[in-house]
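Here is how the chains run, residue by residue.
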Amino acid sequence: MDALMFLLGAMQILWWPLLTEVTLMIATGLLFLCSLLKARFNHLIPVIFFISGVLYAMLACQIQLQSEIETPQKRSFQGRIESLPKHTAQKVSFISSHSESKQSFLLNWYSKGQSKQVDFEPGNLYQFEVSLKPPHGMANGIGFDREKWLFRNRIDGIGTIKSMDLIAEKTRPLSSNILNQWRATTGKSIDQHFKEQRINGLIHALSIGDKSHFEHQDFQLFQNTGTAHLIAISGLHIGMVALLGWLLGGLVFQLLPQQIIPKSLIQIYLGLLFAVLYAALAGFAVSTQRALIMLLVYALFKIFRRASYAWDVWSTSLLAVLLLDPLNVLDAGFWLSFTAVAVLILSFNGISNTHSRTSNFIVMQWRLLLGMLPLSLLVFSRVNLLAPLINLLMIPLMTFLLVPMIMLLLIIGTLFNFMPETLIDLLSWSSQLFLDLLTWFAHHASWPIHVAVNSWWQLALLGMGTTLFILPKAIPQRFWGLPLILMAIIPIEDRIKLGQFNAYFLDVGQGLSVVIKTQSHQLIYDVGSAYESGFNMADAITLPWLQQQNITDLDALVLSHQDNDHSGAEDSLLDNTSVETIWGTEKHHLPCIAGTQWQWDNVTFSFLSPYNLTPYLKNNSSCVLKISGTDFSLLLTGDIETPVEYRLSQAAPELIQADVLLVPHHGSKTSSSAEFIQAVNPQLAINSSGKYNPFNHPAKQVVDQYTQLGIPLIDTQDSGMITLNTYPTLQYKRFRNESVRIWRKKKPE
């Protein structure tokens, strides 16, 4: 109970909008007051734990906020590589600590255009010249929250290395860097012996916890089959390695029987040793820390011969994890791992076991699917209903074949600096089998459901419904769980009225993607960028947003022109959703020629430019689309520049005027001429640009231009996703202002 109250207190930072000294003083005062009254009012103890959790988490947040840099800056400093460098096609990334201020920076070295290749090693000390930016990311309320990740991992700034000089190699051998040096050495050995990319990525992930070697499609494969937990070293893997140590301990006792140390203690100590070494090899990642703490708590119960009741181990481990780092509550993995264990305890604890191990394992998988349903839908907005069947085969293959062979290979390689070819071949074959089976399951055994959990009542209904289902059979009327779950997952749509439309300007960084919804149709104008690494804005933002809105297909896609920041993610979008019509400037598109027009739900869509697509004029060939509802209109301009703006400004007022204007070319100084803005005569201007972008968009003179004309200008880089509604009046919402969080700042009003 006390651990749960501490958790309830710490988790307040998940939605706390602001942290001030007054807030901390109030929490401290309340804790002091409750402590004084505890002797007279015994029921205040849970309150004390709650306030302690609030205060402890807020102090951790305050320390991090004070450590973060607040403005872009150029800095020269001595820094040491404190993490395992991660390599992609474009760059090398690693965390470096400032030798004097002790701040942690996520630094990027872009190899393109550099005259030399650098072999970064953990522990190396460099003199860096860097351009630093405050921690930042895109804000849409869906997908990966980079700002939260940076805050949770205590990253104080993001930097681009301009130049560097090596000062010392692998210094301080007894420091924490020795772990990363060990991991880096192991990674190089894996690269030498496993050349096939997918197998190489799998071995890296399961041995040293480095998932950066996977291709993007592999991540999708694990997600779609419900097996993403198998490639993140966590409780399953740590437990398996601990079991190997426990079995070895039994063998040691049989070979060298003696009475000084009991057999059970030898097994516990060796099990813990194996688990600690494996967690160290994985870099003591957050997921391994949680598993290791839970294992350690259980071991302590056994060592001190205390009755290890399941809930006692669970709650003690929970409290220990939060005391170690209260920012764990910002990790989805924290909630998923502790909830999974709680589901198993709730399902099986205290129940007489008359079934076989195989039968129990099958029941366990289905109970986990049901019990984890609320969190799975909240975090991923999807779940594969056949995931239990897939895990029935893949978990044994992983835990009894892959992980033991990897551990054996690493032990031999570390002790003897030699890896047997037979073992390498067997591990390669097993890894390929694992990946081939997953690929087959993805095509033939996938039954996904997409449900967006967008409100607290949905989560509450799902929680109550699934809890009823996983309770022991002796509990009556468990069938009420089904209607509760159905009530939560059946989509309730707020239908748009005829003649009205909504526009969603997604925050895709330095790029553009706008979703238009009428009563029964959907259109996307541009899709954002894609990169050589495989990362793209469709997979990261657009597709998760469509899933959240329960949109399964699109009526039209408009790609304004061929620049990467507007159409780079086209292939990824088309691979994952159906589109009826594609308008654009390429040969396989329907041409977006001026004069083309159609109507959906009494909303008119009209292309105003270009007049022709030959020759292709890049920015000035952008498809300009006007959307006109019953009362309000929107003009989407792509990247047009002054020459096209001048031509459009000469058009009839009823053709060019619009209530809302998308600022052309992200606010570049080559666009937004006064004549064009006056011809459009908007009530509101919306710009799409990336925070701290290298082009300094929007240009100051452009912002001044709109200000002088009395037109409000809002930008995705400050506002996050911008939602535009045309009913009952023209109104807009800015995501950062609507969803302020400690780690996510809004622009001051």
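Q: Would you take a moment to explain the packing of aromatic side chains for this structure?
A: We describe a pair of aromatic rings using the distance from one ring centre to the other and the angle between the two ring planes. Counting across every chain of the model gives 23 aromatic pairs. When the centroid spacing of 5.6 Å and the interplanar angle of 75° are considered together, the rings of Phe214 and Phe219 count as edge-to-face. According to the relative accessible area criterion, Phe219 is partly exposed, its value standing at 35%. Centre to centre, the rings of Phe334 and Phe338 are 5.3 Å apart; their planes meet at 55°, and the pair counts as tilted. A residue pair is termed a helical-turn pair when its members lie 3 or 4 positions apart in one helix, as Phe334 and Phe338 do in helix H12 (residues 332-348) at four residues. Each of the two residues, Phe334 as well as Phe338, counts as buried. Here the basic side chain of Arg647 rests over the ring of Tyr611, its NZ or CZ set 4.2 Å away from the ring centre.

Q: Where do I start with the pattern of salt bridges in this structure?
A: Where side chains of opposite charge bring their charged atoms close, a pairing between them can arise. Applying the stated criterion across every chain yields a total of nine salt bridges. With a closest N to O distance of 3.0 Å, Glu147 and Arg736 form a salt bridge. Of this pair, Glu147 sits in helix H4 (residues 146-152) while Arg736 sits in helix H27 (residues 735-738), placing them 589 residues apart in sequence. The exposure class assigned to Glu147 is buried, which follows from its relative accessible area of 7%. The class of Arg736 is buried, set by a relative accessible area of 4%. With a shortest N-O distance of 3.0 Å, Asp325 and Arg152 are connected by a salt bridge. Placement of the pair is Asp325 in the loop between helix H11 (310-324) and H12 and Arg152 in helix H4, with a sequence separation of 173 residues. Residues Asp325 and Arg152 agree in their burial class; the two are buried. Overlapping salt bridges, with partners in common, bring together Arg152, Arg154, Asp325 and Asp331 in one network.

Q: Would you explain the nonpolar core in this entry?
A: A general trend in soluble globular proteins is that nonpolar side chains are found buried together. Core analysis: the biggest nonpolar cluster contains 50 residues, and Phe194, Leu202, Ile238, Met394, Leu427 and Phe434 have the highest contact counts within it. Those elements that place two or more of their residues in this core are helix H5 (177-193), helix H6 (197-208), helix H7 (216-224), helix H8 (235-255), helix H9 (263-281), helix H10 (286-303), helix H15 (387-416) and helix H16 (421-444). Counting residues per element, this core draws most heavily on H15, at 13 residues. Apart from the residues within four sequence positions on either side, Leu202 is in contact with Phe214, Ile231, Leu402, Ser431, Phe434 and Leu435.

Q: Explain the sheet that holds strand E17 (residues 624-628) to me, please; I cannot follow it from the model alone.
A: Neighbouring strands of a sheet are bound in pairs by backbone hydrogen bonds; such pairs are parallel or else antiparallel. With respect to topology, seven strands assemble into an open sheet ordered E15-E16-E17-E18-E19-E20-E21, the strand pairing being mixed. Only two strands of the sheet have a single neighbouring strand rather than two, namely strand E15 (597-600) and strand E21 (713-715). Adjacent strand axes in the sheet meet at a mean angle of 20°, parallel and antiparallel pairs treated alike. With four bridges joining them, E17 and strand E18 (residues 633-636) adopt antiparallel strand pairing. Residue pairing in the sheet places Leu625 in a bridge with Leu636 of E18. Across the sheet, helix H22 (residues 642-649) lies against strand E16 (603-609) and E17, angled at about 120° from E16, the strand it touches most.

Q: What exactly am I supposed to notice about empty space enclosed by the protein here?
A: One water molecule sets the probe size; rolling that probe over the atoms shows where empty space is left. One pass over the structure, following the stated rule, counts two cavities of 30 Å³ or more. One number sums up the size of the second largest cavity: a volume of about 30 Å³. Together, Leu512, His566, Gly638, Leu662, Val663, His665, His666, Asn687 and Ser688 line the second largest cavity.

Q: Would you mind going over the state of the cysteines with me for this structure?
A: The term disulfide refers to a covalent linkage connecting the sulfur atoms of a pair of cysteines. Taken as a whole and assessed by the stated rule, the structure comprises one disulfide. One disulfide bridge connects Cys592 with Cys623, the sulfur atoms lying 2.0 Å from each other. Across the S-S bond of Cys592 and Cys623 the torsion is about -65°, and the bridge reads as left-handed. With a gap of 31 residues between them, Cys592 in the loop between strand E14 (590-591) and E15 and Cys623 in the loop between E16 and E17 connect regions that are remote in the sequence. Across the pair, exposure class does not vary: Cys592 and Cys623 are buried alike.

What counts, and where the lines are drawn
- Residues numbered from 1 in each chain as written.
- Predicted model: local features only at pLDDT ≥ 70, side-chain atom pairs only at ≥ 80, totals over all residues.
- Heavy atoms only, no water.
- Phe/Tyr/Trp six-rings, centres within 6.5 Å; stacked < 30°, edge-to-face > 60°.
- Buried < 20%, exposed > 50% of the residue type's maximum accessible area, 1.4 Å probe, protein only.
- Helix = DSSP H or I, 4+ residues; strand = E, 2+ residues; numbered from the N terminus.
- Lys NZ or Arg CZ within 6 Å of the ring centre and 35° of its normal.
- Salt bridge = Lys/Arg side-chain N within 4 Å of Asp/Glu carboxyl O.
- Core = buried A, V, L, I, M, F, W, Y, C linked by side-chain atoms within 4.5 Å.
- Contact = heavy atoms within 4.5 Å.
- Pairing = 2+ DSSP bridges.
- Axes fitted to C-alpha atoms, helices over the stretch in contact; angles between N-to-C directions.
- 1 Å grid on protein atoms, 1.4 Å probe; cavity = no way out; pocket = protein on both sides within 12 Å on 5 of 7 lines; lining within 4 Å.
- Points joined across faces, edges and corners; volume = space filled by probe spheres on them.
- Disulfide = S-S within 2.5 Å.

In short, geometric facts, not functional conclusions.
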